[in-house]
Structure formats: structure tokens, C-alpha cells
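# Structural characterization, general
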Amino acid sequence: MTVLRNVLFGIVGLFLALPLIIVAGVSVNARQSLTFPPQGFSLSWYGQIFLNMEWRNALIASLVLALSSAALAVLIALPLAWFLWRRHAPWANIFQLLGVAPFTLPPVITALGLLTFWATTGFYGQPWTAVIGHAIFFVTLPLVTISLGFSAIDRSLVEAASTLGGDDRTVFRTVVLPMISPYIVSGYAFAFVLSLNEYIVAYMTVGFTLETLPIKIFNSLRYGYTPTMAAVTILFVATAAIVFSLVARFGDLPKLLGAMTSNEP
């Protein structure tokens, strides 16, 4: 029975990994075509991401957008999670719903809403609107992780710090913030990875004014297919794997996913 289960898991794993295996094979194709199995072996397409000016600019734009929007999402989520943890009024759940709503809606709905808003205000096409758009769209991720961090805090520690004379700012800086720091970093990492790969919100917010890597891939499809597109895909996957591995290595991944540890009630 165990052997059969392992074989079944292996088949399922291979089926799920097959698209990635094909893309990885295409990314090292010696010829300038999306063919599999690869005809020869070459890593030059990975070099094109950094050496070709158009691909390099798209990479820089994606990194700046992801780093900035993830930071803004954390700045929005942190005070909101802090407020929701301290306030137990029923109306406080409205703010939590507003924080979760953008990510639960289909991306095209959020993108259309942002497109309408920025076009009405006259700021459509400005690069910073994409930063705000991604921050709003992905604010759910740091909100959830930071809220989990707050829920793991023993409130008696906060009460003890307040009893000893600490004001809210001091208690937050010296007691609360060190305890939730791993959750803040994890929320930032999740928002960064998803922002790096997002296409619809960025495209409908700034159009071609800001050409990120996903937008660059779709633009390149009009002129042909090159293994550079596959190399970018593998780069995305590798970045996500590294970031999530670091989160799992240095953070409490089961708790970040909402699981209860064995010593918890």
C-alpha cells in the first residue's frame, strides 16, 4: 500500500512539474525557437535578461515595482492589523473585510477599478500608480501574516509592559514589534513575489509606460518567440522558490499558514 501511494504521489508530482520541465528545457535551447526537446544547449538566453538593454530595463522596472509595492502594502497592513488586534468592536471587522477584499476579487475587476480611478483623476500612466495599485491588490498577504503574528502574542506581556509605565508607542516598539517581525518579513516576501509576477493590474494601470518583465513578455510575443521568455519564467520560479525557502527556513511556516502547533490548545 505504501509503495502504491508513493508511486501515485510520484506520478502526480511529475504531472505538476512537467510544464516547468518543458519550459526549463526550452530556456537552454541553442536555437532561437521555443522547441522541446532542446536542440543543443546554451545559457545565452539567461544572459540576455541582464545584457540586453530592453530585458534589463524590464527586470529593473519589475524589481522596483515589487520592492516598492510590497513595502507600501506592509505599511498599510501593519497599523490595520494592530488596530484590529486591539479593538474587538463588531464594526472593526469592516476594516478587515476592506483589507481582504482586493485580493479575493478577480484581478481584472480590481484592475478595471484602478484603471477607472486613475483615468478619472488624470494620473493614468504614471509609474507610481502601479506601485499603489499593487500595494492595494496585495495588501491582503501582509495583513493575514501580521494578523497571525498578533494573534500569537501573549496579551499579558503587553499588559505588563503598560503597567510598568510604557505608553502605546514604547510597548509597540519594544515588546510587540520584535515578536511580529518574522510575520512582517514574510508578508513582505509574499507580496514581493506576487507583485514581481503580476501582469493585469500593472498593464491596466500604466499601460506601456512602465514595461515590467511580464508586460515585456507579452509585448515580445508580437514579434516572435525566443527562449529568453522561457528563461525569464525560470528566473521567476527560482526567485519564488528562494524567497519561500528562506521564509520556511527562518520563519514559522506552519504558523504563517494558520496551523496550530502541538503545544497550542
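None of the values given here were measured: they were computed from a predicted structure.

Reading the values: the criteria
- Residues numbered from 1 in each chain as written.
- Predicted model: local features only at pLDDT ≥ 70, side-chain atom pairs only at ≥ 80, totals over all residues.
- Heavy atoms only, no water.
- Helix = DSSP H or I, 4+ residues; strand = E, 2+ residues; numbered from the N terminus.
- Buried < 20%, exposed > 50% of the residue type's maximum accessible area, 1.4 Å probe, protein only.
- Contact = heavy atoms within 4.5 Å.
- Areas by Shrake-Rupley, 256 points an atom, 1.4 Å probe, with all protein chains shown as cover.
- pLDDT = per-residue confidence, 0-100.
- Phe/Tyr/Trp six-rings, centres within 6.5 Å; stacked < 30°, edge-to-face > 60°.
- Core = buried A, V, L, I, M, F, W, Y, C linked by side-chain atoms within 4.5 Å.
- Patch = residues over 30% accessible without salt bridge, like charges linked within 9 Å, V, L, I, M, F, W, Y side chains within 5 Å.
- Salt bridge = Lys/Arg side-chain N within 4 Å of Asp/Glu carboxyl O.
- Expected span 1.5 Å × (residues − 1).
- Axes fitted to C-alpha atoms, helices over the stretch in contact; angles between N-to-C directions.
- Parallel < 35°, antiparallel > 145°, perpendicular 65-115°, else oblique.
- Left-handed = near helix turned anticlockwise from the far one by under 90°.
- Nonpolar A, V, L, I, M, F, W, Y, C, P; charged D, E, K, R; others polar.

A count of helices and strands for the chain gives 13 helices and 0 strands. Residues counted as buried form 38% of the 265 residues belonging to the chain. A fraction of 70% describes how many contacts in the chain between residues 6 or more apart in sequence connect residues 24 or more apart. Counting only carbon and sulfur atoms, one obtains 71% of the accessible surface of the chain, whose full area is about 14,900 Å².

The predicted coordinates ought not to be read in detail in places where the model reports low pLDDT. Counting all residues, the mean pLDDT for the chain is 80, and 86% of those residues have values of 70 or more. Across residues 259–265 the pLDDT falls below 50, and counting only partners more than four positions away or on other chains, this stretch makes 6 contacts in the model.

Another aspect to go through is the packing of aromatic side chains. A complete count under the given rule lists 11 aromatic pairs for this structure. With centroids separated by 5.3 Å and ring planes inclined at 85 degrees, the aromatic side chains of Trp118 and Trp128 adopt a geometry described as edge-to-face. Within this pair, whereas Trp118 is found in helix α5 (residues 107–121), its partner Trp128 is found in helix α6 (residues 127–138), the two being separated by 10 residues in sequence. Judged by relative accessible area, Trp118 falls into the buried class, the value being 6%. Put simply, the rings of Phe117, Trp118, Phe123 and Trp128 pair up and form one aromatic cluster.

Of all hydrophobic cores here, the largest spans 30 residues; its most connected members are Trp55, Phe192, Leu213 and Val232. When contributions to this core are tallied by element, the ones reaching two or more residues are α2 (44–51), α3 (53–86), α5, α6, α9 (168–197), α10 (200–206), α11 (213–220) and α12 (227–250). The element contributing the most residues to this core is α12, with 7 residues. Among residues more than four places away in sequence, those in contact with Val232 are Ile49, Trp55, Leu213 and Ile217.

Nonpolar side chains collect at one region of the surface, where Leu8, Phe9, Val12, Phe15 and Leu16 lie side by side and expose about 570 Å² of accessible area between them. Mapped onto the fold, Leu16 is located in helix α1 (residues 2–27).

Inspection of the secondary structure puts Ser62 in helix α3. Excluding anything up to four places from it in sequence, Ser62 contacts Leu196, Thr212, Leu213 and Pro214.

Our next topic: helix α7 (residues 140–151). Relative to the 16 Å expected for 12 residues at 1.5 Å per residue, α7 spans 16 Å between its end C-alpha atoms, a close match to the ideal helical length. Within α7, the full set of buried residues consists of Thr140, Leu141, Pro142, Leu143, Thr145, Ile146, Gly149 and Phe150.

Right, let's get into the environment of Ser186. Checked against the element boundaries, Ser186 lands in helix α9. By relative accessible area, Ser186 is classed as buried at 3%. Spatially, the C-alpha atom of Ser186 lies 8.6 Å from that of Ile146, the residues being 40 residues apart in sequence.

Time to look at the pattern of salt bridges. Taken as a whole and judged by the stated rule, the model has 1 salt bridge. Ionic pairing is found between Glu54 and Lys216, a salt bridge with its closest N-O pair at 2.7 Å. Of this pair, Glu54 sits in helix α3 while Lys216 sits in helix α11, placing them 162 residues apart in sequence. We classify Lys216 as buried; its relative accessible area is 7%.

By the element assignment, Thr129 lies in helix α6. For Thr129, a relative accessible area of 0% puts it in the buried group. Sequence-distant contacts of Thr129, that is, excluding residues within four places in its chain, are made with Trp118, Phe123, Thr205 and Val206.

Let us look at the packing of α5 against α6. The geometry of α5 relative to α6 is characterised by a closest axis approach of 11 Å and an angle of 140 degrees between their N-to-C directions. Between α5 and α6, the angle is such that the two are oblique. Remark: the crossing between α5 and α6 carries right-handed chirality. Residues Pro107, Thr110, Leu114 and Trp118 of α5 form the contact with α6, whose own contacting residues are Trp128, Thr129, Ile132, Gly133, Ile136 and Phe137. Across the contact of α5 with α6, the residue classes break down as 7 nonpolar, 3 polar and no charged.

Here the focus is the packing of α3 against α7. Contact geometry for α3 and α7: axes closest at 9 Å, N-to-C directions at 40 degrees. At the point where α3 passes α7, the crossing takes the right-handed sense. For the pair α3 and α7, the contacting residues are Ala73, Val74, Ala77, Leu78, Leu80, Ala81, Trp82 and Trp85 in the first and Pro142, Leu143, Ile146, Ser147, Phe150 and Ser151 in the second. Classifying every residue of the contact of α3 with α7 gives 12 nonpolar, 2 polar and no charged.

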